[in-house]
Amino acid sequence: MKENICTIPINDVFRETDGCPICRMYESVQAQYVEYITGSAMMAPNIRVITNEKGFCHKHYEMMMKTGPKLSNALLMQTRLDYVKEHMVPKNLSAKPSKGQLDNIHKARHSCYVCDRIDADIKHLLSTVFVQFGVDEEFRELFKKQDYLCLNHYELLHRAAAQKGGIKNKDMKAFCEITNALCRNYLDSLYDDVTHFTTMFDYRNAGGDFKNSKDATERSIRFLTSEKVETKE
Ligand SMILES: [Zn+2]
Ligand SMILES: [Zn+2]
């Protein structure tokens, strides 16, 4: 596997219109890394050195457990635990843990090999998005037709757009118009839908039409956190 997977053609991502395009991009890269880490990367010593040190976040451990071979997960865990034994907890049971050991435990809570690789790849993919936006009118139209941009990816896009390799000055206004509309219009519609949903619990509206509001709270969570939520029926 190369430095960046980057096997995702940007145009294909933007040809779909369901949900946030950067969420789709993220999920696609994520699925590839989870498969990679419990598959071919398992036997790559240079990768194992990094995964032993970084470990994985709960979300990605969970995905690895759901999709990866049991033995791969156990072997990854064995050497990760070995690293934890070495760097986080004193061997001498009467010793006070060092600041370094406590810092390592603290760091481990926010450390994930898969998250880091996804972030790096997304950054790379975004630079392609910015190039396309500047040169390809058809791509710009595809961008405009997206369902919405979730809040986190609205931020990510704008921070990256303002940096070197971001959106060219001449395209910034058009970029703002499109991205603001995708985020703001959806936010407004969520607000209206959630509001409509709450009014349906007023006895005066008994038997009324929920319209598009039945999953408005779930869709709002997705907009705010980039993650789907499972709810009770
Ligand atoms: Zn998103
Ligand atoms: Zn992670």
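Analysis parameters
- Residues numbered from 1 in each chain as written.
- Chains lettered and ligands numbered in written order.
- Predicted model: local features only at pLDDT ≥ 70, side-chain atom pairs only at ≥ 80, totals over all residues.
- Heavy atoms only, no water.
- Helix = DSSP H or I, 4+ residues; strand = E, 2+ residues; numbered from the N terminus.
- Expected span 1.5 Å × (residues − 1).
- Buried < 20%, exposed > 50% of the residue type's maximum accessible area, 1.4 Å probe, protein only.
- Arc of directions from axis to C-beta.
- Contact = heavy atoms within 4.5 Å.
- Donors = N, O, S within 2.8 Å, 3.2 Å for Na, K, Ca; no water.
- Tetrahedral: all angles 85-135°; square planar, octahedral: opposite > 155°, others 65-115°.
- Core = buried A, V, L, I, M, F, W, Y, C linked by side-chain atoms within 4.5 Å.
- Domains from an automatic or database assignment.
- Salt bridge = Lys/Arg side-chain N within 4 Å of Asp/Glu carboxyl O.
- pLDDT = per-residue confidence, 0-100.

Spanning 18 residues, helix α5 (residues 70-87) covers 26 Å between terminal C-alpha atoms, matching the ideal 26 Å at 1.5 Å per step. Among the residues making up α5, those that are buried are Ser-72, Asn-73, Leu-76 and Arg-80. Axial view of α5: buried residues confined to an arc of 90°, hence all on one face. Those residues of α5 that are exposed and angled more than 90 degrees off the buried face are Lys-70, Leu-71, Gln-78 and Lys-85. Close packing links the buried residues of α5 with α2 (21-38), α3 (45-54), α4 (58-67) and α6 (99-109).

By secondary structure assignment, the location of Asp-171 is in helix α10 (residues 169-199). Not counting residues within four places of it along the chain, the set of residues in contact with Asp-171 comprises Phe-133, Gly-134 and Arg-140.

Here the zinc ion (ligand 1) is held by Cys-20 (SG), Cys-23 (SG), Cys-150 (SG) and His-153 (ND1), and the distances to it run 1.9 to 2.3 Å. Coordination at the zinc ion (ligand 1) is tetrahedral, judged from the 4 donor atoms that bind it and the angles of 95 to 117° they form at the metal. Positions of the donor residues of the zinc ion (ligand 1), expressed as sequence spacing, correspond to C-x2-C-x126-C-x2-H. With Cys-20 in the loop between α1 (10-15) and α2 and His-153 in helix α9 (residues 151-162), this pair connects stretches of sequence that are 133 residues apart. Across this residue pair, the class does not change: Cys-20 and His-153 are buried.

Membership of the largest hydrophobic core comes to 50 residues, with the highest contact counts inside it found for Phe-14, Met-25, Val-114, Val-129, Phe-130 and Phe-143. Residues from two domains meet in this core; each of domain 1 (1-136) and domain 2 (148-233) gives at least three. Setting aside residues no more than four positions away along its own chain, Phe-143 makes contact with Phe-14, Val-129, Phe-133, Leu-149, Leu-157, Phe-175, Ile-178, Thr-179 and Leu-182.

Quick look at the pattern of salt bridges now. As a working rule, side chains carrying opposite charge can pair if their charged atoms are close by. Counted by the stated rule, this structure contains 16 salt bridges. The salt bridge involving Arg-15 is made with Asp-12; its shortest N-O contact spans 3.2 Å. Of this pair, Arg-15 and Asp-12 both sit in helix α1, separated by 3 residues, roughly a single helical turn. When its relative accessible area of 48% is taken as the criterion, Arg-15 is described as partly exposed. Residue Asp-215 is joined to Arg-219 by a salt bridge in which the shortest nitrogen-to-oxygen separation is 2.9 Å. Taking relative accessible area as the criterion, Asp-215 reaches 34% and is therefore assigned partly exposed. On the basis of relative accessible area, Arg-219 is assigned to the buried category, the value being 17%. Taken together, the salt bridges that share partners define one network made up of Arg-140, Lys-170 and Asp-171.

Below, the discussion takes up the confidence of the model for the chain. A residue-level look at the chain finds 97% of positions with pLDDT of 70 or above and a mean pLDDT of 93. Put simply, α1 is where the chain has its lowest mean pLDDT, 92, and α9 is where it has its highest, 98.

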